[in-house]
Every structure is written in C-alpha cells, then in structure tokens.
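# Structural description and commentary
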Amino acid sequence: MDKRQPSKSDIVQSVDVCIEVLLNVAKNPDIRLTEVAQNLGETKPRILRMLRTLERRGLVRKSDTGTYRLGTTAIILGTAASTQVDLVRIANPILEEVGQKANETTQLRIIDNGESLCIAKFEPMRDLRVQAMIGRRRPLTAGSYKVLLAYLHPQVQLQMIPETLPRLTKRTITDRGKLVAELDKIRRQGFCVSYGEVSDQLVSVSVPVLAFDGSVIAAVNVGAPAFRTQKSDVDRFIVLLKEASSKISARLGW
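Residues numbered from 1 in each chain as written. Predicted model: local features only at pLDDT ≥ 70, side-chain atom pairs only at ≥ 80, totals over all residues. Heavy atoms only, no water.

As named in an unreviewed UniProt entry, the chain is Transcriptional regulator, IclR family, taken from Rhizobium leguminosarum bv. trifolii.

As structure tokens, then:
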C-alpha cells in the first residue's frame, strides 16, 4: 500500500477548499455563508458555489433562515466511518478467540478497490501455520473471500467480475458463468469454503459480517494447511465463524 502523504502537487485546490467548507459546517452547526467565508479567508461567491455543490449531494442542508448544517449524506458517511473503525476494535478479540479454538490463522477482510483487503488477523503459536499480513490484497473472484462478492447487488457484482478471471491454481474458477453460479450457492448457504483456489496447499473458510443496516461489511476467515484439515475440521470452522460473525455483527448494531 502507498502510505506516503500527498504532496501539494497532488492536491486539487477546489476539492481541498470544499472539504474545508464541509468541516467548517460540521464544527459549527447553523453557520452562515458569511461566517464560513470569513473563517476560511475566501470570497462569499466561491464559498456559496461550494455550499451549493455540497447541498446538491446531500452533504449539507440549508435551513429556512439561511444557515447551514450537515445533511443526511454526511451522516451516512460518518456512520460508515465509525463502523469501520469500530469493526477492527470489535473483531480483534473475537478473531483471537476463534483462532485459539481452531488453532489456525484467522483474518478479517473487507472489499477495497475491487479486491479483498486484510484489516485484522490472528496467528496461532505453532510452527506450521498460514501466514497472514494486514494490508495484503487478494482477488475477490478466488478463494473463500468470494463470500464478499456473493452478497453484493447482482448488477454491482457483475461489474466487479473482470472479463478474464485470474488463474492462481488449477482449482481457480476462470469461467464467469460458473463463478456467478458459485456466488449464488455461497449466498444461499451463508458461507464459502475454498480448497486450493488461491494456494494449492490452503483450505480457507469465510463467513460474512453484517453492518447495522444488514449489508455485508466484511468477512471472517479461518485459513489452514490442507494436509491437516479434514471435513470435520471444516465443519467446525464454519460453526466457529458463524458464532464470531454473529458477535461482531451484533456489536456493530445488527
């Protein structure tokens, strides 16, 4: 991941000012146009254009008396941001609990820029284990993280499936029609099990995590070496992950 701070040359000035306007309204509910302009040292016509743009997108709303406060879109963004921050804090001890019971590696992944992204993990104290890395990305179309793709709206889902599916192993699904059918099956059963789709020697099980509004915000996962994973182990992982998902989802407000 690119962790560098943006330089001045990276910044679009009008966008930067627009964000300053939004933050000003957030900090000062029922603020007037003149006050925003004075606070930012900008002209009233420029700030008015910014406010009208933000108002059109629902980020601010104008009262009958001409003052401004945050709109419903800003509230949605704030709730989503709070949920994602809470997600890692809530999930970490639960991932550890599942990992200790399974004695295998657990992860929490979200969709980010069309891929699955690891944002939390737990690894057991054993010599041979699946290595997890926070920030590591994987395709959404392979492995048990297909569960994240499975719960998207069908139209969005199809947009996120590339024309050519990457083949990671001989077991990776590379036919779009077969993948769509598999996603439908995953959604119906409520979990996904992958045998060697990302790595030949990996068995992976994932279960969706629900946000406050019932949408799938993440997936909890157990990954284990194939040579020591039996069908009974997979069944046990599914039960553990469903319990973990229920705990996390409940604490997120679902």
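### Considering the sheet that holds strand S3 (residues 67–70)
In any sheet, the strands associate via hydrogen bonds between backbone groups, in a parallel or an antiparallel arrangement. Ordered in space as S1-S3-S2, the three strands form an open sheet in which the pairing is antiparallel. Pairing within the sheet leaves two strands with one partner each, and these edge strands are strand S1 (31–32) and strand S2 (60–62). Where S1 meets S3, two bridges bridge the pair, whose relative direction is antiparallel. Residue pairing across strands places Ile31 opposite Tyr68, the latter belonging to S3. Of the strands in this sheet, S1, S2 and S3 touch helix H1 (residues 13–27), which is tilted by about 95° from S3. The strands touched by helix H3 (residues 44–56) within the sheet are S2 and S3, with S2 carrying the most contacts at an inclination of about 105°. (Pairing = 2+ DSSP bridges. Helix = DSSP H or I, 4+ residues; strand = E, 2+ residues; numbered from the N terminus. Contact = heavy atoms within 4.5 Å. Axes fitted to C-alpha atoms, helices over the stretch in contact; angles between N-to-C directions.)

### Some words on the UniProt feature "domain: HTH iclR-type" (unreviewed entry) in the chain
With numbering matched to this structure, UniProt assigns "domain: HTH iclR-type" (unreviewed entry) to residues 12–72. Annotation note: span residues 12–72, helix share 61%, strand share 15%, distance between end C-alpha atoms 25 Å. (UniProt positions renumbered as here; feature names shortened; annotations may be inferred.)

### Details of the domain arrangement of the chain
Frequently, the measure chosen for interface size is the accessible area that the parts lose on association. With domains assigned, the chain is organised as domain 1 (11–75) and domain 2 (84–250). Here domain 1 and domain 2 have C-alpha centroids that lie 41 Å from each other. (Domains from an automatic or database assignment.)

### Structural notes on empty space enclosed by the protein
All told, the structure shown has one cavity of 30 Å³ or more when counted by the stated rule. Size it by volume and the largest cavity reaches roughly 50 Å³. Broken down by secondary-structure element, the contributors of at least two residues to the lining of the largest cavity are helix H4 (72–102) and helix H8 (231–251). Residues of the lining of the largest cavity, tallied by class, amount to four nonpolar, no polar and four charged. (1 Å grid on protein atoms, 1.4 Å probe; cavity = no way out; pocket = protein on both sides within 12 Å on 5 of 7 lines; lining within 4 Å. Points joined across faces, edges and corners; volume = space filled by probe spheres on them. Nonpolar A, V, L, I, M, F, W, Y, C, P; charged D, E, K, R; others polar.)

### What about the packing of H1 against helix H2 (residues 33–40)?
Close contact between H1 and H2 brings their axes to 10 Å; oriented N to C, the two are set at 120°. Compared by their axis directions, H1 and H2 come out oblique. Handedness of the H1/H2 crossing: right-handed. Contacts from Val17, Glu20, Val21 and Asn24 of H1 reach H2 at Val36, Asn39 and Leu40. Its residues placed into classes, the contact of H1 with H2 shows four nonpolar, two polar and one charged. (Parallel < 35°, antiparallel > 145°, perpendicular 65-115°, else oblique. Left-handed = near helix turned anticlockwise from the far one by under 90°.)

### Thoughts on the sheet that holds strand S5 (residues 115–122)
Pairing within the open sheet is antiparallel, and its six strands lie in the order S6-S5-S4-S9-S8-S7. A strand with exactly one partner marks an edge of an open sheet, and here the two such strands are strand S6 (137–139) and strand S7 (192–195). In this sheet, adjacent strand axes meet at a mean angle of 30° when their direction is disregarded. Bridging between strand S8 (residues 202–210) and strand S9 (residues 216–225) involves nine bridges; their strand directions are antiparallel. Each residue of the ladder has a partner; that of Leu202, found in S9, is Pro225. Contacts from H8 reach S7, S8 and S9 within the one sheet, and its direction differs from that of S8 by about 25°.

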